[in-house]
Protein chains: 2
Amino acid sequence: MKEKPGAMNLAQALFAPRSVALVGASGDEAKNTARPQRYLLKHGYDGNIAPINPSRSEVLGLKSYRSVKETPFSIDHAFIMVEDVEGALEDCGRKGVPVASVFSDGFADAGPEGMARQNRLVARARELGVRLLGPNSMGMINLPGRVPLTVNAILEMDALPAGAASIVSQSGTMLGTVLSRGAARGLGFSKLVSVGNEADLGVGELVELLARDPETKLILLFLETVRDAASLAAGARAAHAAGKPVVAYKLGRSKLGERLARSHTGALAGEDAALEAYFRDCGIARVDMLETLIEIGPMLAGRRPPDLSHTPRVSVVTTTGGGAASVVDRLGMFGIETATPGSDAPITDLTMGKKSASYGAVVGELLDFPGCDAVLAVVGSSAQFHPQHAVGPIIEASRRRGKPLAVFMTPQADQSLALLAQAGVAAFRTPEACADAFQAYFSWKTPRKIPEESPTEWPKDIPAKGKLTEAQALTLFASLGVPTVESAIVRAPDYAHSLPYPVALKILSAEVAHKSDVGGVILNIASRQEFESRAKSLAKKDEPLLVQRMAAGLAEAIIGYRDDPVAGPLVLAGAGGILAELYNDVVLRVAPVDEAEALEMVAQVKGFAVLRGYRGLPVGDLQALARAIAAMSRLALIEGRPVREAEANPLIVKRDGAAAVDALVVMKEE
Amino acid sequence: MKEKPGAMNLAQALFAPRSVALVGASGDEAKNTARPQRYLLKHGYDGNIAPINPSRSEVLGLKSYRSVKETPFSIDHAFIMVEDVEGALEDCGRKGVPVASVFSDGFADAGPEGMARQNRLVARARELGVRLLGPNSMGMINLPGRVPLTVNAILEMDALPAGAASIVSQSGTMLGTVLSRGAARGLGFSKLVSVGNEADLGVGELVELLARDPETKLILLFLETVRDAASLAAGARAAHAAGKPVVAYKLGRSKLGERLARSHTGALAGEDAALEAYFRDCGIARVDMLETLIEIGPMLAGRRPPDLSHTPRVSVVTTTGGGAASVVDRLGMFGIETATPGSDAPITDLTMGKKSASYGAVVGELLDFPGCDAVLAVVGSSAQFHPQHAVGPIIEASRRRGKPLAVFMTPQADQSLALLAQAGVAAFRTPEACADAFQAYFSWKTPRKIPEESPTEWPKDIPAKGKLTEAQALTLFASLGVPTVESAIVRAPDYAHSLPYPVALKILSAEVAHKSDVGGVILNIASRQEFESRAKSLAKKDEPLLVQRMAAGLAEAIIGYRDDPVAGPLVLAGAGGILAELYNDVVLRVAPVDEAEALEMVAQVKGFAVLRGYRGLPVGDLQALARAIAAMSRLALIEGRPVREAEANPLIVKRDGAAAVDALVVMKEE
């Protein structure tokens, strides 16, 4: 990928500044605004520190300055804690400061007025050439570089271990969560960034910077929303290219969570299913539990997505049946299976009588076993009192690497957790996070290659904005390659058409989206005679009507397209009738998809069982269904992406072929 | 409830023996069999200890004996660690020892031969009047009483806090898990029992003993299976009557987990959905995550099931938006809502600038707020460094009690966890366990009063064993009060009947369960003429046939009954057609149910939306459906419960009424 101009400088100024200005540094040690200076000194920052405080000449023992401009050395990174952020920004601009982190809030986090203030701030920062982190950011912590440029109280801790995982977080508190929980068990981190409102530097650009950071081997994300999906996708692809896994924990999975995220971030939360499709598309692994984000690092670092085409299989060794069961039971809930070399037992259960050598030998055997994709080692009480019994041999055996290896220990076992962390072996405190890590790993996909398809043409006879009639929607679908039922437009006075009976008759108004709700659809018209009388009664003021051949098939499907404001263009396939809605039986993917990916989608819709020969039923034309989905998804390739939403519901699937019956298209510009 | 004879003595001998015999006590400190003696001495057991070792006169400083019989004092509780368990049992019998815990394995845990050995052991123990814990038990730990009669290595710890929660576990390792994890944060326990194979003393009887134990306020269960559902139900009801919540963590939720539980315990694992219904019925709260079992204690102790009739609402106060969101998002996934006094904001978000007094005031306000059912307090970094800021005020405010209160702290905060534990406030290490505790609390039901219904009569004209024909099954259903479609049996040569056309015709063989699979069903016969020719071709050797009036309605349902080998009698309701199977859209309850409970079941079946006026569809007779379910469930009241399985599939639900169309009954004795 192309290097952005100045990107290396940006990374250095952001993560490893040779000098910092602390704008609004307090002389009162107890204040939050005194923290960055205290923390920089406490943790051994070796660059220049310039406290900026117009009313003092000294701050907590350091010479201070009235403004950034007045500092006698250049400033790589300013940390702004004052209310007059705008003034501080001007000051930074005058000094030529390349990056400013803004702790102050009252911007997008504070309603429409704050949003306007933020927009003005960003515009001015662009003019001044100052990149912004925040506002409402807790700052940045670079542990190996000893740059704790933050107000996060976690830096009160005396020692924080450095490691290879970096984290970008939309919650500033979470930096402390991750650091303190990691530190308690010897898990260290590299860069930790609180992005705040992402007015300028966003999650995506930070991921891209970290993808190039030689100290970062793994990128963790704590997300409440996705503010710039294209940028994050680019960042994730860059990280993949650099061999660095990206793992996300994202809130807003429930409606309540979405609502909270919206109220908390001031941003659209995005439908979770859409973002799930998006993460998959750009190769981001997703964990379900917060602690998994902290624990999964050693399991994924240095690995590529497994992209398995078979059911994932884990081999399990344990010294405690109940402990192993607590993980394995959950693996089963994720559809993961177990495999044991030379045995049909679900796991290898070593009783506590066996010697430690045998534990290590079994782990080694499982890591070499071609019948499994990953290994789980469960340790009981010895993890607490005798790490040499099982934990030591696990560490020994882990040196042969190969497959992912995870350790779950049933007791409180801080020393063993630290030993494993030090050895780079993934260890989990809870059976649930352990199972979650396996599901995240197995669901993790290589970023999809962006298809280099020719752009799709918009049909000439259809307006590219405004409301489309159903006939126009059907024409658009047909132009994409979505099969449609035979249709014709009929007009007063004689409503002539050449379709065979039975037919259906619909009003054609673009103003009415749900025609059957207003009595605008008549089905199963059997004869010309019935047709004429029905047409005359249906047509208001001699409006034209839509006539369609009645279609019958094996099952109904719904296929759709949506240009999601958060996740971007998506294609949807689901069971027809009420199933999609009642059982949420739909599958979403980032559009466009090719036929192979559409077939994968079809395979995941439960209701399509009736098309797969379920209970001796005839088999439907799944290939035709997949072609229709792929065709629909090409709406994403039309220049300017004028369509907001499109849906064929139902699309009738037959033994041979398929046909969209009802068509709806909503343009972005109505 | 009635006191079992000798039960108080059993409790004393089991939990608080004045003297113990350690059968097979080793003089080698490093051996597992030396542990009980070491632990008893280390933790201050003040009763008599008799090591039993035929080859020594002294074991690790204590006088030892060649047999239990030879001890000069009476023995309340023997702990058997030798291979010759049978010999040790005889020895106990001769001495009049009331309880023996058997650590040795090689019984039901070791295949059919072991099972036979176990059966012999139990039979002999009954003859001798010795109650057995185990075999394959890790023993019993009584912390307040200082009786660590166990081989579990957790007792290597110097100090283990005592508390009010007792635990009964099917995994011996889990005693150490619970104790060590609890101890690390100041959460103590009372009695901990490893039940092993439950050859004699089972989970149910232990729950009953703990229900009467004055030191136990809460009973926790770690289950891999349920071996005696009736006994556990009785124990749970006794605990409820004594005001002691029972909380279960049960494995075997997935097929893989079931298989592992079976291979590990040698017992039937039981279908999870059946056990879920069973737990609900007898008032056991169920947690999904292992750590919740440890953490939930203070939230439930002293409480009764909430039995809410509205959507549960939690009020939330936090110093960190992201931290609160990590819990609230999951609450939303469980269908729990939030409520904020005087505001439509989802939560009360206190920024870190506010004073500690305001945090406490808000918690107090929420605890008093009538618009919520429970309170969640989330604390950020202050929990780690400044417990006085938020954790202190929470503890203050918690004194007013009232509603359940849970605390989630985002950082590693051991000191705050201990402070909260000491104050009896529930605190959670992970957002997931915290949300899990809320769902467990809100789903927790008062044990259903066992209905005092008159037993249901078995119809006289139907055999009470063997295979039933569909006509007999329909007669049985009708006798219970399940509405059935009009039917008649027709015979050669003229196949006369008086049902109006159209009708359906079915073969009547009791040997064929799935008649349509073998072409044994003809639907929609429109006339007498067609009927006769169809009947003649269908009937083999002039067998009688079943004729039914064709029924039409708004939707199909499936209702069923099953006498589950693990969970006991159950009634089932589900969406008809393929929905029940494809989407697992069924609801199970312990049978019998009354009409009100059946209506609750109906409300939980998603597919019945089509009967509830979904999208303007006509409303079905849900009351008739509920009556049919209640009637079907009365199979549980027939003396001897001769029916293994029964199913009306479909049961047609109409605008007015319902009718079972296909009927299947499987007797226990075929």
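Residues numbered from 1 in each chain as written. Chains lettered and ligands numbered in written order. Predicted model: local features only at pLDDT ≥ 70, side-chain atom pairs only at ≥ 80, totals over all residues. Heavy atoms only, no water.

Quick word on the overall build of chain A
Okay, so step 1: Counting its secondary structure elements, chain A contains 22 helices and 30 strands.
Okay, so step 2: With the principal axes as the frame, chain A shows a C-alpha extent of 95 × 70 × 40 Å.
Okay, so step 3: Considering only residue pairs separated by 6 or more positions, chain A has 71% of its internal contacts joining residues 24 or more positions apart.
Okay, so step 4: As displayed, chain A has an accessible area near 25,500 Å², and 50% of this comes from carbon and sulfur atoms.
Okay, so step 5: Side chains of chain A carry 72 positive and 76 negative charges; the gap between the two charge centres is 2 Å. (Helix = DSSP H or I, 4+ residues; strand = E, 2+ residues; numbered from the N terminus. Contact = heavy atoms within 4.5 Å. Areas by Shrake-Rupley, 256 points an atom, 1.4 Å probe, with all protein chains shown as cover. Lys, Arg positive; Asp, Glu negative; His and termini not counted. Charge placed at Lys NZ, Arg CZ, Asp CG, Glu CD.)

Here's the deal with the pairing of strand β9 (residues 147–150) of chain B
Residue and element names in this part refer to chain B.
Okay, so step 1: Alternating residues of β9 divide into Val147 and Leu149 and Pro148 and Thr150, and every residue in both groups is buried.
Okay, so step 2: Strand direction decides the pairing type here: strand β8 (residues 139–142) and β9, joined by four bridges, are antiparallel. The partner of Ile141 across the bridge, within β9, is Pro148.
Okay, so step 3: The turn linking β8 back onto β9 is made up of four residues, and Arg146 within it adopts a positive phi angle of 60°. (Buried < 20%, exposed > 50% of the residue type's maximum accessible area, 1.4 Å probe, protein only. Pairing = 2+ DSSP bridges.)

Some thoughts on the pairing of strand β5 (residues 77–80) of chain B
All names here are of chain B.
Okay, so step 1: Residues His77 and Phe79 point to one face of β5 and Ala78 and Ile80 to the other, with burial holding for every one of them.
Okay, so step 2: With four bridges joining them, strand β1 (residues 19–23) and β5 adopt parallel strand pairing. Within the sheet, the bridge partner assigned to Ala21 lies in β5 and is Ala78.
Okay, so step 3: Looking at chain direction, β5 and strand β6 (residues 99–102) are connected through four bridges and run parallel. Paired with His77 across the two strands is Val99, which belongs to β6.
Okay, so step 4: Between β5 and its parallel partner β6, the chain crosses via helix α3 (residues 85–95), and the hand of that crossover is right-handed. (Right-handed = clockwise from strand over helix to strand, strands pointing away.)

A few points about the nonpolar core
Okay, so step 1: Counting residues in hydrophobic clusters, the biggest one holds 120 residues, and the most contacted among them are Leu376(A), Phe438(A), Leu376(B) and Phe438(B).
Okay, so step 2: Each residue touching Phe438(B), except ones within four places of it in the same chain, is listed here: Met299(B), Val314(B), Leu331(B), Ile336(B), Ala374(B), Val375(B), Leu376(B) and Ala406(B).
Okay, so step 3: Val482(A), Ala658(A), Phe608(B) and Leu635(B) belong to the second-largest nonpolar core, a separate cluster that totals 111 residues. (Core = buried A, V, L, I, M, F, W, Y, C linked by side-chain atoms within 4.5 Å.)

Brief notes about the sheet that holds strand β23 (residues 521–525) of chain B
Residues and elements named next belong to chain B.
Okay, so step 1: With antiparallel pairing, the four strands of this open sheet are ordered in space as β21-β24-β22-β23. Among the strands making up the open sheet, the edge pair consists of β21 (487–490) and β23. This sheet shows a mean twist of 20° between the axes of neighbouring strands, independent of strand direction.
Okay, so step 2: Across three bridges, the pairing between strand β22 (residues 503–507) and β23 is antiparallel. For Val503, the partnering residue across the bridge sits in β23 and is Ile525.
Okay, so step 3: Each of β21, β22 and β24 (545–549) is contacted by helix α18 (residues 470–480), which is oriented at about 45° to β24, the strand it contacts most.
Okay, so step 4: Along the sheet, helix α19 (residues 528–538) contacts β21, β22, β23 and β24; its crossing angle with β22, the most-contacted strand, is approximately 10°. (Axes fitted to C-alpha atoms, helices over the stretch in contact; angles between N-to-C directions.)

Structural notes on the interface of chain A and chain B
Okay, so step 1: Facing 80 residues of chain A, the contacting portion of chain B comprises 81 residues.
Okay, so step 2: Buried area between chain A and chain B, summed over both chains or domains, comes out near 6,200 Å², and the portion from carbon and sulfur atoms is 60%.
Okay, so step 3: Considering only the side of chain A, the residues that lose the most area to chain B are Arg181(A), Leu260(A) and Tyr583(A), jointly responsible for 11% of the buried surface there.
Okay, so step 4: Run the count over chain A and chain B and you get six salt bridges.
Okay, so step 5: Across the chain A-chain B interface, the total number found is 32 residue pairs in polar contact (both at pLDDT 80 or more).
Okay, so step 6: Residue contributions to the side of chain A that touches chain B peak at 11 residues, all from helix α12 (residues 321–333) of chain A.
Okay, so step 7: Looking at the side of chain A that touches chain B, its residues break down into 35 nonpolar, 25 polar and 20 charged. (Buried area = accessible area lost by both parts, 1.4 Å probe. Salt bridge = Lys/Arg side-chain N within 4 Å of Asp/Glu carboxyl O. Polar contact = N/O pair within 3.5 Å; in protein donor to acceptor, adjacent residues only side chain to side chain. Nonpolar A, V, L, I, M, F, W, Y, C, P; charged D, E, K, R; others polar.)

Some thoughts on the pattern of salt bridges
Residues and elements named next belong to chain A.
Okay, so step 1: Counted by the stated rule, this structure contains 88 salt bridges over all chains.
Okay, so step 2: The closest approach of N and O atoms between Asp200 and Arg131, which form a salt bridge, is 2.9 Å. Remark: Arg131 occurs in strand β7 (residues 131–133) and Asp200 occurs in the loop between β11 (189–194) and α6 (203–211); sequence separation between them is 69 residues.
Okay, so step 3: What you see here is one network of salt bridges that share partners, running through Arg237, Arg280, Asp281, Arg448, Arg589, Glu597 and Glu600.

Describing the side chain of Arg185(A)
All names here are of chain A.
Okay, so step 1: Within the secondary structure, Arg185 sits in the loop between α5 (173–183) and β11.
Okay, so step 2: When its relative accessible area of 6% is taken as the criterion, Arg185 is described as buried.
Okay, so step 3: Filtering out sequence-adjacent residues up to four positions away, Arg185 remains in contact with Glu295, Leu417, Ala418, Ala421, Ala427, Phe428 and Arg429.

Focus: the environment of Gly568(A)
Residues and elements named next belong to chain A.
Okay, so step 1: Residue placement: Gly568 occurs in strand β26 (residues 568–575).
Okay, so step 2: The class for Gly568 is buried, based on a relative accessible area of 13%.
Okay, so step 3: Through-space distance from the C-alpha of Gly568 to that of Ala229 is 7.1 Å; in sequence the pair is 339 residues apart.
Okay, so step 4: Residues within four places of Gly568 in sequence aside, it is in contact with Arg562 and Asp563.

Description of the relation of the copies chain A and chain B
Okay, so step 1: The two copies are related by a screw operation: chain A maps onto chain B through 180° of rotation and 0.0 Å of translation along the axis, at an RMSD of 0.1 Å. Between the two chains, the operation in question is that of a two-fold axis. Considering only C-alpha atoms, the residue of chain A closest to the rotation axis is Tyr583(A), which sits at 3.6 Å.
Okay, so step 2: Mapped onto chain B, 100% of the interface residues of chain A are again interface residues, and the two copies thus contact each other with one and the same surface. (Least-squares fit on C-alpha atoms with pLDDT ≥ 70 in both.)

Some thoughts on the side chain of Ser26(A)
Okay, so step 1: Within the secondary structure layout, Ser26(A) lies in the loop between β1 (19–23) and α2 (35–42).
Okay, so step 2: Those residues in contact with Ser26(A) that lie beyond four places of it in its chain are Lys31(A), Thr33(A), Ala34(A), Val59(A) and Leu60(A).

Brief notes about the packing of helix α6 (residues 203–211) of chain B against helix α7 (residues 229–241) of chain B
Residues and elements named next belong to chain B.
Okay, so step 1: Between α6 and α7, the least distance of the axes is 7 Å, while the angle of their chain directions is 15°. With respect to α7, the element α6 is oriented roughly parallel. In this structure, the crossing between α6 and α7 has a hand that is left-handed. Contact residues: α6 offers Val203, Gly204, Glu205, Val207, Glu208 and Ala211, while α7 offers Ser231, Leu232, Ala234, Gly235, Ala236, Ala238 and Ala239. (Parallel < 35°, antiparallel > 145°, perpendicular 65-115°, else oblique. Left-handed = near helix turned anticlockwise from the far one by under 90°.)

Quick notes on helix α4 (residues 111–128) of chain B
Residues and elements named next belong to chain B.
Okay, so step 1: Across its 18 residues, α4 extends 26 Å between first and last C-alpha, which sits within 8% of the 26 Å expected from 1.5 Å per residue.
Okay, so step 2: Every buried residue of α4 is accounted for by Gly114, Arg117, Gln118, Leu121, Val122 and Ala125. The arc that holds every buried residue of α4, seen down its axis, measures 135°, which confines them to one face. Facing away from the buried side of α4, by more than 90 degrees, are the exposed residues Pro112, Glu113, Arg120, Arg126 and Glu127.
Okay, so step 3: Residues of α4 that are buried make contact with α3 and β7 (131–133).
Okay, so step 4: Phi turns positive, to about 75°, at Gly129, one or two residues after α4. (Expected span 1.5 Å × (residues − 1). Arc of directions from axis to C-beta.)

Thoughts on the confidence of the model for chain A
Okay, so step 1: Averaged over all residues, the pLDDT of chain A equals 93, while 97% of them reach at least 70.
Okay, so step 2: Both scores are given for the predicted complex: the pTM is 0.95, the ipTM 0.94. (pLDDT = per-residue confidence, 0-100.)

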